[in-house]
Amino acid sequence: MCTHQLLLFDHFCLSCSSVSRCDHPLTLVLMVASAAIGGTLQYGYNLAIMNAPTVFIQTFINETFLERWDIQLEDYQVTLVWTIIVSIFSLGGFAGALIAGPMTIRFGRKNCLLLNNIFLMSGALLALTSRAAKSFEMIIISRILVGINAGIMNVQPMYFGESAPKHLRGAVSLSSAVFTAFGVVLGQVVGLREILGSEPCWQYLLASNAVPGLIQLLTLPWFPESPRYLLIDRGDKEACINALRRLRGCEVQSSELDEILQEQAETKGMRPKQPWELFTDRSMRWQLISVMIISSAMQLCGNDSVRRTDKNSVDPRDVLVRASCAVSCGTLLCKPCRSNLLIERKGRRFMLMGGFILMTVWAVVFTIALSFEHYISWMPYLSMGCIFTYILSFGMGPAGVTGVLPTEIFNQTARPAAYMIAGSMMWINLGIVGMIFPFLVSELSEYCFVPFAAVCVLSALYIGLFLPETKGKSLSTITREFHKLNFKDQAKNFESQTEAQYQLGEVCHSTAM
């Protein structure tokens, strides 16, 4: 069990013991681990395992063309096919984000995660047999299916947010970032030449993502469905109470059940909203704007690009490359565990604003370091330090907090559609950054991170000005705060009318005197 899980375990036990006598909530901790192993851990793993077999797959592509059509591809042609294999993952992710909403409404949060493994297992099978079939097209289809699997993973933070108690909602949802870091570490390790990163084993490396999926298939069915889904969507109060009892490790608190019942009453008779309906619903205008801006900023802030800079900045010798990967993955591993202790103390706005502000600072320092690295001998070391602190700052805020926001600011009928929009924005902007970053490097050179710094500044300003704090608040309280933004003109009219009535009352009172 990881440090984060133990901290979550102890924090939860202390909270429960202050209210009633409770057993250790092992079900909640194990449910988080089971869902995340086949979820965001899978995402990080699938990103990492594509680095090691690059040269081997490119050779396989060239050999396939030569054997089929007796054509020797040029280097740029091989690179083009390889680029398609890598980038098609984002297209699959976008498609997965679009179908995640309907799947979670029809099948539930837990069953959606389980069914998602169909895409994963199919992709792993295609990758495994692609070499024997001498078909690089099977690798492309495999990456599309794995991308769809990654897109549907947007359901995971929704499942966590609806299953966790209010005072641990942020920390549990931040577990998604923890397991993404684990996935990156695991992918780097499995991709070493001594394990599966060698030429004879690259097809097994691409298919090894089936193992986390298999673990999830064997373990997740034993855990309960989201209590909110059971009561609000299915109307099964008894199943909801049983799920809460198992997840809390103690008797259900009436305040928590009353909150879910209140949300059920507010959404009674309402059907699940479609994504396009959110754009025309004024009562959800600023919630939608907030989710779209913060989800886009998560990708446009340049976190993935700075990792590419990391790979290009180290010495090409194998030992130093491994050392760089180890330090980078260590940074990724530590950052969410620290953030879990802060998110429930300082709140979502503090973590998001702090993360973006720190990223702005490190982007500026990084730009300065790149500008003077040919004049000052120790500047390359400062550049490497900026890369690590940039990734750390990203993990403190945007990486973990963004996923929980749709759960906290949208009601049950709008939440799946909100996650569809948030996921779509993430995948679209991930593709945009992937396409424009090489041009930014070639055109702006050492100033290539200035646009990312601007995105971070603007994001921090928006969060500070418009995003209400959601820590420890019920949905109805958060909705009232957004109502003031969504109907600001009506609120002003109401205040002016109230003030006029008050003044009129004073006049009448003085006249009567």
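Starting from 1, residues in each chain are numbered consecutively following that chain's sequence as written. Totals for whole chains, interfaces and linings use all residues, but because this is a predicted model, local features are given only for residues with pLDDT of at least 70 and pairs of side-chain atoms are given and counted only at 80 or more. Processing note: side-chain calculations cover all non-hydrogen atoms of the structure and skip hydrogens and water entirely.

The line we're drawing: UniProt positions are given in the numbering used here, feature names are shortened, and annotations may be inferred rather than shown by experiment.
Looking at an unreviewed UniProt entry, one finds the chain named Solute carrier family 2, facilitated glucose transporter member 5 and attributed to Stegastes partitus. Under the UniProt heading Catalytic activity (unreviewed entry), the note attached to the chain is "D-fructose(out) = D-fructose(in)".

1. Overview of the overall build of the chain
Spelled out, the test is: Helical segments are the DSSP runs of H or I of at least four residues, strand segments are the runs of E of at least two, and each set is numbered from the N terminus. Each residue is placed in one exposure class: buried if its accessible area under a 1.4 Å probe, protein chains only, is under 20% of its type's maximum, exposed if it is over 50%, and partly exposed if it falls in between. Contacts are assigned to residue pairs that have any heavy atoms within 4.5 Å of one another. Working definition of accessibility: Shrake-Rupley area with a 1.4 Å probe, residue cover restricted to the visible protein chains.
Along its length, the chain carries 27 helices and 0 strands. Looking at the chain residue by residue over its 513 residues, the buried ones come to 52%. Partitioning the contacts of the chain with sequence separation of at least 6, the portion at a separation of at least 24 is 81%. Summed over all atoms, the accessible surface of the chain reaches about 23200 Å², with 65% contributed by carbon and sulfur.

2. Details of the packing of helix H21 (residues 348-372) against helix H23 (residues 398-409)
The line we're drawing: Here an angle of 0 to 180 degrees is reported between the N-to-C directions of two axes, which are lines fitted to C-alpha atoms, with helices fitted over the stretch in contact. Less than a right angle of anticlockwise turn of the near helix away from the far helix marks a crossing as left-handed, whereas a clockwise turn marks it as right-handed.
Running from N to C, H21 and H23 point in directions that differ by 145 degrees, and their axes come no closer than 10 Å. Seen from above, H21 lies across H23 with left-handed handedness. Of the residues in H23, those in contact with Arg 348, Met 351, Leu 352, Gly 355, Phe 356 and Met 359 of H21 are Pro 398, Val 401, Thr 402, Val 404, Leu 405 and Glu 408.

3. Observations concerning the side chain of Asn 154
How we decide: Between N or O atoms, a polar contact is any pair within 3.5 Å; within protein, one atom must be a potential hydrogen donor and the other a potential acceptor, and residues adjacent in sequence are included only when both atoms are from side chains.
Mapped onto the elements, Asn 154 comes out in the loop between helix H8 (136-152) and helix H9 (155-163). A polar atom in the side chain of Asn 154 sits 3.2 Å from the backbone oxygen of Gly 151. Excluding anything up to four places from it in sequence, Asn 154 contacts Ala 97, Tyr 419 and Gly 423.

4. Quick look at a nonpolar patch on the surface
In plain terms, the rule: The residues that make up patches have over 30% relative accessible area and no salt bridge, and they are joined within 9 Å when like-charged or within 5 Å when they are Val, Leu, Ile, Met, Phe, Trp or Tyr. By definition, a salt bridge exists where a carboxyl oxygen of Asp or Glu is found within 4 Å of a side-chain nitrogen of Lys or Arg.
A cluster of nonpolar residues, Val 364, Ile 368, Phe 372 and Tyr 375, forms a patch on the protein surface that exposes about 440 Å² of accessible area. Its place among the elements puts Ile 368 in helix H21. Its relative accessible area of 43% is what places Ile 368 among the partly exposed residues.

5. Remarks on the packing of H21 against helix H22 (residues 379-396)
When two helices pack together, their arrangement is captured by the angle between the axes and the distance separating the axes. What counts, and what does not: Should an angle lie under 35 degrees it is considered roughly parallel, over 145 roughly antiparallel, and from 65 to 115 roughly perpendicular; all remaining angles are considered oblique. For this classification, Asp, Glu, Lys and Arg are treated as charged, while Ala, Val, Leu, Ile, Met, Phe, Trp, Tyr, Cys and Pro are nonpolar and the rest, including Gly, are polar.
With their axes 8 Å apart at the nearest point, H21 and H22 run at an angle of 165 degrees to one another. Here H21 lies roughly antiparallel to H22, going by the angle between them. Taken as a pair, H21 and H22 cross one another with a handedness that is left-handed. Counting all contacts with H21, which are made through Met 351, Gly 355, Leu 358, Met 359, Trp 362, Ala 363, Val 365, Phe 366, Ala 369, Leu 370 and Phe 372, the residues of H22 involved are Met 379, Leu 382, Ser 383, Cys 386, Ile 387, Thr 389, Tyr 390, Ser 393, Phe 394 and Met 396. Each residue belonging to the contact of H21 with H22 can be placed in one class, and the counts come to 17 nonpolar, 4 polar and no charged.

6. With respect to unusual backbone geometry
For Asp 70, which is not glycine, the phi torsion reads 55 degrees and is therefore positive. Residue classification places Asp 70 among the exposed positions, given a relative accessible area of 64%. For Lys 134, which is not a glycine, the phi torsion comes out positive at approximately 55 degrees. Along the chain, the position of Lys 134 falls in the loop between helix H7 (117-133) and H8. Exposure remark for Lys 134: the relative accessible area of 41% places this residue in the partly exposed category.

7. Here we look at the confidence of the model for the chain
Defined as follows: pLDDT measures the predictor's confidence residue by residue and takes values from 0 up to 100.
Averaged over every residue, the pLDDT of the chain is 82; residues scoring 70 or more account for 83%. Below a pLDDT of 50 lies the segment residues 1-21, which in the model reaches 36 contacts outside its immediate sequence neighbourhood of four places, other chains included. Note on residues 310-321: pLDDT is under 50 here. Beyond four places in sequence and across chains, it has 14 contacts.

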